[in-house]
Amino acid sequence: MIDFLSNIAITVSGRWYLLTALIWLAVLITLFIYRRTNPHVSSPLRILLMILRGSALVTLLLALFETQVTSSWHEDVPPLIAVAIDQSASMAAVDQKGPRTEQLARALRQDLPRVWSDPMTQKYFAFDSRLRPLRPSELDSLQPSGDVTDITSALETIHSTLREENLTAILMFTDGNYTRGGHPSRYAAESGVPIFCVGVGSTQPPADLAISRVQANSFVYTGEETPIQVTVTGTGLATVHAAVQLMENDKVIASTTLQAAGSPFEQVVHLSWTASSDGRHRLRVQVSGQAEELAQDNNERTVYVDVLKSRLLITLLAGCVTPEISFFTNAVKENSRCRLQTLVQRTDGRLYHVDGQPAALDSLDQTDILVALNYPTPLTPDEIIRRVEKSWTTFSRPILFMDGADTDWKKLARWQRWLAVRTETLQPHAFSATVSLTQEGAQHPIMRIPGSRMAGASAWNLLPPIWVHHRIQGVRPGAQVLAMAAGEAGRPDVQQPLIVVFSDGMVNTAALLAGSLWRWALMMKGINNEDELYAVFINNLIRWLQMEKKKELVNLSLSKSSYAFGEPIPIQVTAYDVRFNPVPDASVALVMEKQGTTMTLSAAPKGNGLYEATFQPDSPGEYEIKAAVQKDGALLGAATSLFSVGAYSEELSVRICQRPLLQGLAAVSGGRYVSVDSLYTLRGQLPAQALSRIRSQRLDLWNHGALLLFILACLIAEWWMRKWKGMV
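Residues numbered from 1 in each chain as written. Predicted model: local features only at pLDDT ≥ 70, side-chain atom pairs only at ≥ 80, totals over all residues. Heavy atoms only, no water.

Novice: Looking at this structure, I do not really get the overall build of the protein. What am I missing?
Specialist: Helices and strands together make up the secondary structure of the protein, namely 14 helices and 38 strands. Over its C-alpha atoms the protein spans a radius of gyration of 40 Å, topping by over 25% the 27 Å that the globule rule assigns to 728 residues. Along the longest, intermediate and shortest principal axes, the C-alpha atoms of the protein span 125 × 95 × 50 Å. Counting over 728 residues, the protein shows a buried share of 48%. Long-range contacts, defined as pairs at least 24 residues apart, comprise 75% of the intrachain contacts of the protein with a sequence gap of at least 6. (Helix = DSSP H or I, 4+ residues; strand = E, 2+ residues; numbered from the N terminus. Rg over C-alpha atoms; globule rule 2.2 N^0.38 Å. Buried < 20%, exposed > 50% of the residue type's maximum accessible area, 1.4 Å probe, protein only. Contact = heavy atoms within 4.5 Å.)

Novice: It is not clear to me how helix H14 (residues 705-725) should be interpreted in this structure. Could you clarify?
Specialist: In an α-helix, one full turn covers 3.6 residues, which means residues spaced three or four apart are oriented alike. With 21 residues, H14 extends 31 Å from end C-alpha to end C-alpha; this agrees with the ideal 30 Å at 1.5 Å per step. Those residues of H14 that fall on the buried side of the exposure criterion are Leu707, Ile711, Cys714, Glu718, Met721 and Arg722. Mapping the buried residues of H14 onto a view down its axis gives an arc of 105°, with all of them on the same face. Exposed side of H14, more than 90 degrees from the buried face: Leu708, Leu709, Ile716, Trp719, Lys723 and Trp724 are the residues found there. Downstream of H14 by a residue or two, Gly726 has a phi angle that is positive, lying close to 70°. (Expected span 1.5 Å × (residues − 1). Arc of directions from axis to C-beta.)

Novice: Would you explain the packing of aromatic side chains in this entry?
Specialist: Centre distance and the angle of the planes are the two values used to describe a pair of aromatic rings. By the definition in use, this model includes ten aromatic pairs. Members of the aromatic cluster, each reached through a chain of ring pairs, are Tyr563, Phe615, Tyr623 and Phe643. One Lys or Arg, Arg397, reaches over the ring of Trp392 and ends 3.9 Å from the middle of that ring. (Phe/Tyr/Trp six-rings, centres within 6.5 Å; stacked < 30°, edge-to-face > 60°. Lys NZ or Arg CZ within 6 Å of the ring centre and 35° of its normal.)

Novice: What should I look at first to understand the packing of helix H1 (residues 16-33) against helix H2 (residues 43-64) in this one?
Specialist: Any two packed helices are characterised by how steeply their axes cross, that is the angle between the axes, and by the distance between the axes. Across the interface, H1 lies against H2 with an axial gap of 9 Å and an inter-helix angle of 160°. In terms of orientation, H1 and H2 fall into the roughly antiparallel class. Of the two elements, H1 crosses H2, and the hand of that crossing is right-handed. Where H1 abuts H2, its residues Leu19, Leu22, Ile23, Ala26, Thr30, Leu31 and Ile33 lie against Met50, Arg53, Gly54, Leu57, Val58, Leu61 and Leu62. (Axes fitted to C-alpha atoms, helices over the stretch in contact; angles between N-to-C directions. Parallel < 35°, antiparallel > 145°, perpendicular 65-115°, else oblique. Left-handed = near helix turned anticlockwise from the far one by under 90°.)

Novice: Looking at this structure, how should I read the pairing of strand E17 (residues 300-308)?
Specialist: Remember that side chains alternate between the two faces of the sheet whenever the strand is regular. As judged from the three bridges shared by strand E11 (residues 219-221) and E17, these two strands associate in the parallel manner. Residue pairing across strands places Phe219 opposite Asp306, the latter belonging to E17. Looking at chain direction, strand E16 (residues 279-287) and E17 are connected through eight bridges and run antiparallel. Residue pairing for E17: Arg282 is matched across the bridge by Tyr304. (Pairing = 2+ DSSP bridges.)

Novice: How do you make sense of unusual backbone geometry when you look at a structure like this?
Specialist: With the exception of glycine, the majority of residues adopt a negative phi angle, and the majority of peptide bonds are in the trans configuration. Of the consecutive residues Asn38 and Pro39, the connecting peptide bond is found in the cis state with omega at 0°. With respect to the element layout, Pro39 can be found in the loop between H1 and H2. Following Ser263, the chain continues to Pro264 via a peptide bond in cis, the omega torsion being 10°. As for its placement among the helices and strands, Pro264 is situated in the loop between strand E14 (251-261) and strand E15 (265-274). Within the chain, Ser516 stands out as a residue other than glycine whose phi angle is a positive 65°.

Novice: Help me understand a nonpolar patch on the surface, please; the structure alone is not making it clear to me.
Specialist: Residues Trp24, Val27, Leu28 and Leu31 make up a contiguous nonpolar surface patch of about 390 Å² in total accessible area. Here Trp24 lies in helix H1. (Patch = residues over 30% accessible without salt bridge, like charges linked within 9 Å, V, L, I, M, F, W, Y side chains within 5 Å. Areas by Shrake-Rupley, 256 points an atom, 1.4 Å probe, with all protein chains shown as cover. Salt bridge = Lys/Arg side-chain N within 4 Å of Asp/Glu carboxyl O.)

Novice: So what exactly am I meant to see when it comes to the pattern of salt bridges here?
Specialist: As a working rule, side chains carrying opposite charge can pair if their charged atoms are close by. Summed over all chains, the structure comprises 14 salt bridges. A salt bridge links Lys97 to Asp677; the nearest nitrogen and oxygen atoms lie 3.6 Å apart. On the criterion of sequence distance, the pair formed by Lys97 in the loop between strand E4 (94-95) and strand E5 (98-99) and Asp677 in the loop between strand E37 (673-675) and strand E38 (691-700) is long-range, its members being 580 residues apart. Take Lys97: its relative accessible area is 39%, and that puts it in the partly exposed class. The partly exposed category is assigned to Asp677, whose relative accessible area is 45%. The partner of Glu622 in a salt bridge is Arg282, with the nearest N and O atoms 3.4 Å apart.

Novice: Is there a simple way to explain the sheet that holds strand E28 (residues 554-558) in this structure?
Specialist: Two strands in a sheet stick together by hydrogen bonds in their backbones, pointing the same way (parallel) or opposite ways (antiparallel). With respect to topology, four strands assemble into an open sheet ordered E28-E30-E34-E33, the strand pairing being antiparallel. Where the open sheet ends on each side, the last strands, each with one partner, are E28 and strand E33 (604-607). Within the sheet, the average angular offset between the axes of one strand and its neighbour, ignoring direction, is 30°. Two elements, strand E30 (residues 569-575) and strand E34 (residues 610-615), share six bridges in a ladder whose sense is antiparallel. Counterpart to Ile569 in the pairing with E34 is Phe615.

Novice: Help me out: how do you make sense of the nonpolar core in this one?
Specialist: It is characteristic of soluble globular proteins that their nonpolar side chains tend to be buried jointly. Of all hydrophobic cores here, the largest spans 49 residues; its most connected members are Phe328, Leu400, Met447, Trp460, Trp520 and Phe537. Among the elements that line this core, the one with the most residues is helix H12 (residues 533-545), at nine residues. Counting residues in each nonpolar core, the second largest holds 29 residues, with Leu412, Trp415, Ala420 and Val421 among its members. (Core = buried A, V, L, I, M, F, W, Y, C linked by side-chain atoms within 4.5 Å.)

Novice: For this particular structure, what's the right way to read the side chain of Ser641?
Specialist: Locating Ser641 in the fold gives a position in strand E36 (residues 634-645). For Ser641, a relative accessible area of 8% puts it in the buried group.

Novice: Any chance you could explain the sheet that holds strand E8 (residues 167-174) here in plain terms?
Specialist: The six strands lie next to each other as E7-E6-E3-E8-E9-E37, forming an open sheet whose pairing is mixed. Here the strands that pair on one side only, and so sit at the sheet edges, are strand E7 (131-134) and E37. The mean inter-strand angle of the sheet, taken between neighbouring strand axes irrespective of direction, is 25°. Where strand E6 (residues 121-127) lies against E7, four bridges are found, and the strand directions are antiparallel. When the sheet's bridge partners are listed, Ala126 is paired in E7 with Arg132. Relative to the sheet, helix H4 (residues 151-161) contacts strand E3 (80-86), E6, E7, E8 and strand E9 (195-199), its axis offset from that of E8 by approximately 155°.

Novice: Before we go on, may I ask you to explain the environment of Thr407 in this structure?
Specialist: Position of Thr407 relative to the elements: it lies in the loop between strand E22 (399-402) and helix H8 (409-412). Expressed as a C-alpha distance, the spacing of Thr407 and Leu379, which sit 28 residues apart in the sequence, is 9.9 Å. Discounting residues that sit within four places of it in the chain, Thr407 has contacts with Asn374, Tyr375, Pro376, Phe401, Leu412 and His470. A distance of 3.1 Å separates the side chain of Thr407 from the side chain of Asp403, its partner in a polar contact. Among the polar contacts made by the side chain of Thr407, one reaches the main-chain amide nitrogen of Gly404 at a distance of 3.1 Å. (Polar contact = N/O pair within 3.5 Å; in protein donor to acceptor, adjacent residues only side chain to side chain.)

Novice: Just checking my understanding: could you explain the side chain of Ser88 for this structure?
Specialist: Tracing the sequence through the fold places Ser88 in the loop between E3 and E4. A distance of 2.8 Å separates polar atoms of two side chains, one belonging to Ser88 and the other to Thr149.

As structure tokens, this is what we get:
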């Protein structure tokens, strides 16, 4: 309410006396011009023309002097009470006092109107993971379902939203079970606004059996037993005999029995599970309910586990003992997804394990990637050549060939169909060479060294020389040359392919046509922090070799497996062709399925093979998402993942009203705590002081568009009238 206008101030940037003199001068000039007219016009018209000319000149002067008009007045602001109502899932629980929704509805309908007194005003809010305004008419239709309670965020948002109003108190209806945002008392102590907490629900623990926590590895491997640890808590139960089950696709895959005498108790139950396929799996843990329980909505939980293919078996066949074996082994050990089997040839031509035991080659059929390091040699028996050839003919797999001084290229020709290079050599021809990335290599993911301080080709240019042992005729048609071996200063004309890769769309293969690559790790130790290049390069190479067509050409990424209801879900899809080059301008279709309902979405290109979309679920539940990537009408690949929205959370793990927390929150803020059935006792207790303040408003006349329009309107009107009367 505005009491009265108390002050108006006008300021200019120059001298007042100068502005006044110029205004008088403008008025006098206007009077002089229109003292007589040709032709003669009536006096009323002459006065109107004077007013138009004078107004334009005076307004122009006010603008030139940057005139500002400031007005101030007194204002009485009535007290405002912010009513914040917890709408998280725990507010729908049933306890000894009955359903909390009924307790809350009764308090809002019957007791809350008795609390208000003149001249109080109210604004209503609902909160769970976020705060949102409520209309008074919505108080009768509240349905708590949020899976997160963030009291601190609700208080912060109320303060920022009502910063300009006379907020005298916050009346908060909640059970105090916050699950996000930290302890609210820390914020309340600094807010300066008293908080009156109304505790909803019983402070006595109900008869309840709950799964409070499920622990499982986020990533596991197929074929390996995975432990799952389930923590079960109980309150208000004399004895417990319950079945704890692990389920997938509504099928029980593991179970055990839980027994407990007396409560409260917390017991850890151990289950195990072995995944038979890779991808994201949705598992459900369930504990059977007890007859005394008032509700059983916290008797199960869902957990997501990403299952990777079983560890890759890499078999390294080495023609002789060389430092390359040790450095290659150390690099592969950094990748937890790989298991390395090293077999070294001795002078008798047979292969031996590193512990000296003869190798039987029984594991060749289980090998995922074969690494031939300076192998085969003239000592290699034809039996081993035939054994590899037979195994790879039955089932093609990647081969990484690493040339050496003793490599027998005639025997290597038996494996030609699985190699990236042609096996005809010009002649043994050793020379020292440095690395020179090709244009394709600079863009290929194998050659990217993200941990390097030097970007791109610069990191490779720093590497020490290596030895090339054989000159080759060329590479396989369709192969990509990622790097060249360039002769040193004395032999700049000597060049040949160094790093070559090939993919037929089903199987990838690679060749490193030089020896002594271990020098990249040893001699770069501590120099510009480039010593990690060798290990990163080897692991990039292994990852590319084991990539499967149609499956890993398209990758679907979600930031997590469980989202709060109302939380936007960012989706990323990356698409590559068979040579692992990013695919631009593809069509990426996303299909979300939930309990028979299908929703579609398109992902937008962001460059470099990346496509992004944001999904906003309209209801909680468990979802399956499928991404299909098409290019020029052909399917490039597809990927699938799982996630949940509004899944079980800590909201349902605590069943009692947190009276001590709410009492502390009220105390540090200067408020008061009451239970929901004692809400009426707050009548006359809420602060109701009106705020008297001075408000002001400044108008910059010189910077106002209407001022320019006014000047133009006056001048145009004057010109039109003079034209109309034929005045000169």
